[in-house]
Amino acid sequence: MEKKKNKKVFLKVVIIGDSGVGKTSLIHRYTSTRFLQDFKPTIGAEFSNKEVVINGKTVVAQIWDTAGQERYQSLGISFYRGADCCGIVFDRSDHSSFENLDTWKNAFLKHGAPKEEGTFPFLVIGNKSDLDDGSLVKERDAQQWCADNGNLEYIETSAKDNTSVEEAFTKLIEKGMEREKVNLVELPDRMSQKNKTVNLQRDVAKDVNRKPQKKKCC
Amino acid sequence: MKHRINDSKTLFKVFSKFTEQTRSHFGNLDKEEFKTFRKIPESPMRRSLSAMREKPTDSSNVGICFINQNFYNFKKENNERKPRKLSLKVKKRGRSMNKPLKKRRYKIVNLTKEPKTQLDTLEDKNKSKRGLELLLPKKNEKISTDDRKKLWSYICKFDKKMKTGEFEKNLRKPCNQLKVIYGDLERTVVNGSDLVPKSKKFKDAVKLVKAMCRSKQGISYVQGMNHIAVALLEIFTPEESYCVFKSLVDDYKLHKMYTDNFPLLKLFSYLLETLIEKHLPKVSQWFKNNSLGLDILCPKWFLTIYSRDDNIELFLRTVDLLFITGTKALFQVALSILDLLERKGHLENFNFDASLSAQEIISNTKNFKVSNKLLKSLEKNSSALMKKTEKSKEMKNFKMLPLKSENFLEQNSGDESCHFDDITI
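Residues numbered from 1 in each chain as written. Chains lettered and ligands numbered in written order. Predicted model: local features only at pLDDT ≥ 70, side-chain atom pairs only at ≥ 80, totals over all residues. Heavy atoms only, no water.

## Observations regarding the sheet that holds strand β6 (residues 153-156) of chain A
Strand pairing in a sheet is mediated by backbone hydrogen bonds. Such pairs are either parallel or antiparallel. All names here are of chain A. Taken in spatial order, the six strands make up an open sheet running β2-β3-β1-β4-β5-β6, and their pairing is mixed. In this open sheet, the two edge strands, each paired with only one partner strand, are β2 (45-54) and β6. Averaged over neighbouring strand pairs, the angle between their axes works out to 25° when direction is ignored. Across the sheet, helix α2 (residues 23-32) touches β1 (8-17), β2, β3 (57-66), β4 (85-91) and β5 (122-127), and the angle it forms with β3 is around 155°. Packed onto the sheet, helix α5 (residues 101-112) meets β1, β4 and β5 and runs at close to 160° relative to β4. (Pairing = 2+ DSSP bridges. Helix = DSSP H or I, 4+ residues; strand = E, 2+ residues; numbered from the N terminus. Axes fitted to C-alpha atoms, helices over the stretch in contact; angles between N-to-C directions. Contact = heavy atoms within 4.5 Å.)

Below, the structure is given as structure tokens:
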């Protein structure tokens, strides 16, 4: 009902990738059209909302910025769940972050547990294209990786120079919307998951209000 | 030479002499001078203490606090016995000897007692530091940096920890996360400006973080430690800062906050959720309406002990509170922040960069009564709850990470590369 009233589509976009590849700056560039040289490392996760019009539809994109450190993976479960699309970012000047793409994709599929593992919309983003000193990860290699991993789409960006940032996010959101059309059933499922947790907490609240038992004398 | 001091004025004079001494070489008080205090009857001392507490200058209170503690320690060291109490003990012993049955029953009760919870041990540790409450006449009052240095050096036992040379030892150990540490420290902000690579501050911070990663088995670098390190370095030397962190991790049992899978963080997240439901129903509703979990806040707040937002004052004062009242302080501060944000109408601003001052937040904590008893009972519930959810998750063939993962930690302790296993299937 709400959807019809507002004519808005709600999408959850999750951005993952190694620490320091520029996830936060990409998102910041997109949501506030600014670039800050330094960001504090993200701890846990953060999110920001952006309203865009794509193909005549108003979309509210909730963009989730996640921590890059591997150790935060174990907290990722709740952040990944219910995502409509996922952007995997790597730093083109840092080859190890490119090599970790596999790990990130697998981790997302494992913890986010989307229903269609094979066709879930991913977008691979090669950031920091402005740092061109000849040793960047080549587009050919990146395209090759994408082709090997289920024909994913690849885009090169630079949050600093603002090259193709808008384009990357628009692509992501479009992909997410395509998926939304197919799986409209997803939403109530997500809601029921939330409800489950609420019920459990209520039980606890009752227990808290109960008077504590008196200590027995030794 | 033994004095008998009966009127509080002379006592006050002697005390103020002591405060001066503690300032000059605190911790190494002259034992000879303490002997003069041995015969002081208890009641006038207490009376004078309460009189001193009313005095507005808190520097004098610092002195008293230390004297009180040192006096106590000194007594302990010399095994001083009180004849009156001894006789009481004899009586008690005699009673129990007459009734051996009672002793046995006690044993049985002890066996059936439930195992100690994490928070139980926390509270035990805190009980011994009750004397320190004297330091802060009102919990919400500011302490000067010098006083804080003294207080923390006392609580964290700098002398004792520095003697072991652990800081230097930890530095020599290899660290496989250096790349991440450097990257994070380069983008850490202190007092509004970035840390400059290759500056002294930066090098100190790297040293400290390296040592922190090795402070206890199972701990390895977590993003967020860098904020704590930088905040501590604003006041202390690297070695002293290490002692503070070590004490937080050891004495306040926060080490599971930094081990794999963050068991303590998950527990705290759960505890905070129930506390919010109880104290701030509006905020709880807001989270539900936006279908958000508290896991956005908890890592940011608890892992860094509120040091992330370049609000060093808030970090320091939260740790003050933590030292004085125990773990519940962390929750009180969280509740206070959420309450203030809700009242100001921008709840979505979790970073509260400039909108809230430390003074505001800390003074608001007194509105939230969180008892250790409540936290303990909640903790028990949480373990039962997690077992339930684990079972339901297993049904769906989904791996849920355990909350109280004692066994899990033991298996993995010391193994640095174990967190990679989480990702690769």
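## Points about unusual backbone geometry
Residues and elements named next belong to chain B. Residue K157 is not a glycine yet carries a positive backbone phi of 55°. Judged by its relative accessible area of 41%, K157 falls in the partly exposed class. Even without glycine at this site, K253 takes up a positive phi of about 55°. Residue placement: K253 occurs in the loop between α14 (238-250) and α15 (263-279). (Buried < 20%, exposed > 50% of the residue type's maximum accessible area, 1.4 Å probe, protein only.)

## Side note on the pairing of β3 of chain A
Residue and element names in this part refer to chain A. The buried fraction of β3 amounts to eight of the ten residues, a majority that puts the element mostly inside the structure. Taken together, the eight bridges between β1 and β3 define a ladder with parallel strand orientation. From the neighbouring strand, K12 faces β3, where its bridge partner is Q62. Looking at chain direction, β2 and β3 are connected through ten bridges and run antiparallel.

## Brief notes about the confidence of the model for chain A
Residues and elements named next belong to chain A. Predicted confidence across chain A gives a mean pLDDT of 81, with 80% of residues reaching 70 or more. Low confidence marks residues 1-6, where pLDDT is under 50. Its contacts with residues over four positions away, or in another chain, come to four contacts. In the predicted structure, residues 184-202 sits below a pLDDT of 50 and forms 16 contacts with residues beyond four places in sequence or in another chain. (pLDDT = per-residue confidence, 0-100.)

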